[in-house]
Amino acid sequence: MIIDIKKFIQIRKAQKLSQTDLCHGICTQSTLSKFENNGQVPSLKILNQLCDRLQIEVGYIINRSDEQRITQLLFDADFAFINFDYTKILNLLSEVSEDTLKRKEDQVHYQFLRGQYALKSDRNEISALFYFNNILTTKDLPKNDIYRLLALNGCSQIYAKQGEMQKAEHYYSQVLKNIKSVEINNPLTTLHALAILCDASEFYGQREMYKESNSLLRYAYKIGTEKHVIFYMARILLQQGVNDIAQNKNKEIISQHLHDACAFARINRNNITLNKARKLIKNLDDVK
């Protein structure tokens, strides 16, 4: 049994957990450090408990075959997106031959990464739509498959940017119908779901469709708190504050959402969201 320690560390860091946080009540920090830094695998009991806290199965970090190697490459590329490391993404994807992908989940994962790279790095919306549509036309892909929803999200963003709001809303309506039935069973799916929920709630907020936007925000906040993932909390709370202002909600409620957004933005070093929230707080304070 070969444990993929690098993958284990990526999952821990993606959940913003320090070694001390993860091992508390399970093992010593030294035991975890020896595992992550020196490859000394702890007992199966301890490893199970650590994985339980990360909300993954032990099997999720075990390498067994070439299929697992490919899955790992795609997994690494996904996390590189979080850090905006586009050079690493391209290098990882270059190691994957699309023709050799046997599993449907790897195929759609690969198409999504290609689409995201085209959209975020190359700024090539036509290529991005090509890859996203390949996912949407994949036979027998469940409507709540996370990569189908990511493709819908990508198409919606492109059409919204182009000013084709009817098309954007068409795709987001499918997201709205299916996002809450996604099985969130690993850290990567958690992050993907939260990204979709933030993008969709912001879109509906801008369209003044506050019922839809608030529903998505509540669900995003629920996921974030239950899964202990704070990466998107600042965006969630900022948009909730924006919606509150537009709906003339109680000033204390608005202020709480915006101040909480600032707190999470500082933790995540998200200066863009932090500055937006501060500006809204100042405007709120200026209103007598």
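Residues numbered from 1 in each chain as written. Predicted model: local features only at pLDDT ≥ 70, side-chain atom pairs only at ≥ 80, totals over all residues. Heavy atoms only, no water.

1. A short note on the packing of aromatic side chains
Describing an aromatic ring pair means giving the distance of the ring centres and the angle of the ring planes.
(1) Moving on: Summed over the entire model, instances satisfying the criterion amount to 11 aromatic pairs.
(2) Moving on: Ring centres of Phe75 and Phe79 lie 4.7 Å apart, and the angle between their planes is 50 degrees; on these two criteria the pair is classed as tilted. Residue Phe75 and its partner Phe79 are both found in helix α5 (residues 66-82); the two are separated by four residues, about one turn of the helix. We note that Phe75, like Phe79, is buried.
(3) Moving on: Here the aromatic rings of Phe130 and Tyr131 are separated by 5.3 Å at their centres, their planes lie at 70 degrees, and the arrangement is edge-to-face.
(4) Moving on: Residue Tyr131 is classed as partly exposed on the basis of its relative accessible area of 21%.
(5) Moving on: Among the aromatic residues, those joined into a cluster by ring pairs are Phe81, Tyr86 and Tyr117. (Phe/Tyr/Trp six-rings, centres within 6.5 Å; stacked < 30°, edge-to-face > 60°. Helix = DSSP H or I, 4+ residues; strand = E, 2+ residues; numbered from the N terminus. Buried < 20%, exposed > 50% of the residue type's maximum accessible area, 1.4 Å probe, protein only.)

2. Some thoughts on the nonpolar core
(1) Moving on: If you look at the biggest cluster of nonpolar residues, it comprises 84 residues, and the most contacted ones within it are Phe8, Leu50, Ile61, Phe132, Ile179 and Ile236.
(2) Moving on: Per element, the largest residue contribution to this core is 11 residues, and it comes from helix α11 (residues 187-206).
(3) Moving on: Residues Ile254, Leu258, Ala265 and Leu284 belong to the second largest nonpolar core, which totals 12 residues. (Core = buried A, V, L, I, M, F, W, Y, C linked by side-chain atoms within 4.5 Å.)

3. Here's the deal with the state of the cysteines
Put plainly, a disulfide is one covalent bond tying together the sulfur atoms of two cysteines.
(1) Moving on: Applying the stated rule across the entire model yields zero disulfides.
(2) Moving on: Cys51 forms no disulfide, and the closest cysteine sulfur to it belongs to Cys27, at a distance of 11 Å.
(3) Moving on: Cysteine Cys262 remains unbridged, with the sulfur of Cys198 as its closest cysteine sulfur at 16 Å. (Disulfide = S-S within 2.5 Å.)

4. So, the pattern of salt bridges
Should the charged atoms of two oppositely charged side chains come close, the side chains can pair.
(1) Moving on: This model, assessed by the stated rule, comprises 11 salt bridges.
(2) Moving on: A salt bridge links Lys167 to Glu164, with the nearest nitrogen and oxygen atoms 3.0 Å apart.
(3) Moving on: Taking relative accessible area as the criterion, Lys167 reaches 40% and is therefore assigned partly exposed.
(4) Moving on: A relative accessible area of 30% means that Glu164 is categorised as partly exposed.
(5) Moving on: In the salt-bridge network here, residues are joined through shared partners; they are Arg103, Glu105 and Asp106. (Salt bridge = Lys/Arg side-chain N within 4 Å of Asp/Glu carboxyl O.)

5. A look at the packing of helix α10 (residues 165-178) against α11
(1) Moving on: Two numbers describe how α10 lies on α11: the axes approach to 11 Å, and their chain directions differ by 135 degrees. Taken together, α10 and α11 sit at an angle that is classed as oblique. Like other packed secondary-structure pairs, α10 and α11 cross with a definite hand, here left-handed. Side by side, α10 and α11 meet where Met165, Ala168, Glu169, Tyr172, Ser173, Val175 and Leu176 of the first sit next to Ile196, Asp199, Ala200, Phe203 and Tyr204 of the second.
(2) Moving on: Here the residues of the contact of α10 with α11 are counted per class, giving nine nonpolar, one polar and two charged. (Axes fitted to C-alpha atoms, helices over the stretch in contact; angles between N-to-C directions. Parallel < 35°, antiparallel > 145°, perpendicular 65-115°, else oblique. Left-handed = near helix turned anticlockwise from the far one by under 90°. Contact = heavy atoms within 4.5 Å. Nonpolar A, V, L, I, M, F, W, Y, C, P; charged D, E, K, R; others polar.)

6. Quick word on the environment of Leu17
(1) Moving on: Within the element layout of this structure, Leu17 appears in the loop between α1 (5-14) and α2 (19-23).
(2) Moving on: For the pair Leu17 and Tyr147, spaced 130 residues apart in sequence, the C-alpha separation works out to 26 Å.
(3) Moving on: Residue contacts for Leu17: discarding those within four places in its chain leaves Arg12, Leu22 and Leu54.

7. Here we look at helix α9 (residues 146-161)
(1) Moving on: Between its first and last C-alpha, α9 extends 22 Å over 16 residues, near the 22 Å set by a 1.5 Å rise per residue.
(2) Moving on: Counting buried residues along α9, 14 of its 16 residues qualify, which places the element largely inside the surrounding structure.
(3) Moving on: Among the residues of α9, the N-terminal cap falls to Asp145, whose side-chain oxygen and the backbone nitrogen of Tyr147 are separated by 2.9 Å.
(4) Moving on: Just downstream of α9 lies Gly163, where phi reads positive at about 85 degrees. (Expected span 1.5 Å × (residues − 1). Polar contact = N/O pair within 3.5 Å; in protein donor to acceptor, adjacent residues only side chain to side chain.)

8. Quick notes on the environment of Leu188
(1) Moving on: As for its placement among the helices and strands, Leu188 is situated in helix α11.
(2) Moving on: Overall, the relative accessible area of 5% leaves Leu188 in the buried class.
(3) Moving on: Put simply, Leu188 and Leu136 are 52 residues apart on the chain and 20 Å apart in space, counted from C-alpha to C-alpha.
(4) Moving on: Not counting residues up to four positions away in its chain, the partners in contact with Leu188 are Phe75, Asp78, Phe79, His109 and Tyr147.

9. Quick look at unusual backbone geometry
(1) Moving on: Although it is not a glycine, Gln55 sits at a positive phi angle of roughly 60 degrees.
(2) Moving on: Residue position: Gln55 is located in the loop between α4 (44-53) and β2 (62-63).
(3) Moving on: Under the relative-accessibility criterion, Gln55 is labelled partly exposed at 28%.
(4) Moving on: Here Arg269, not a glycine, exhibits a phi torsion of approximately 55 degrees, which is positive.
(5) Moving on: Tracing the backbone shows Arg269 in the loop between α14 (251-268) and α15 (271-286).

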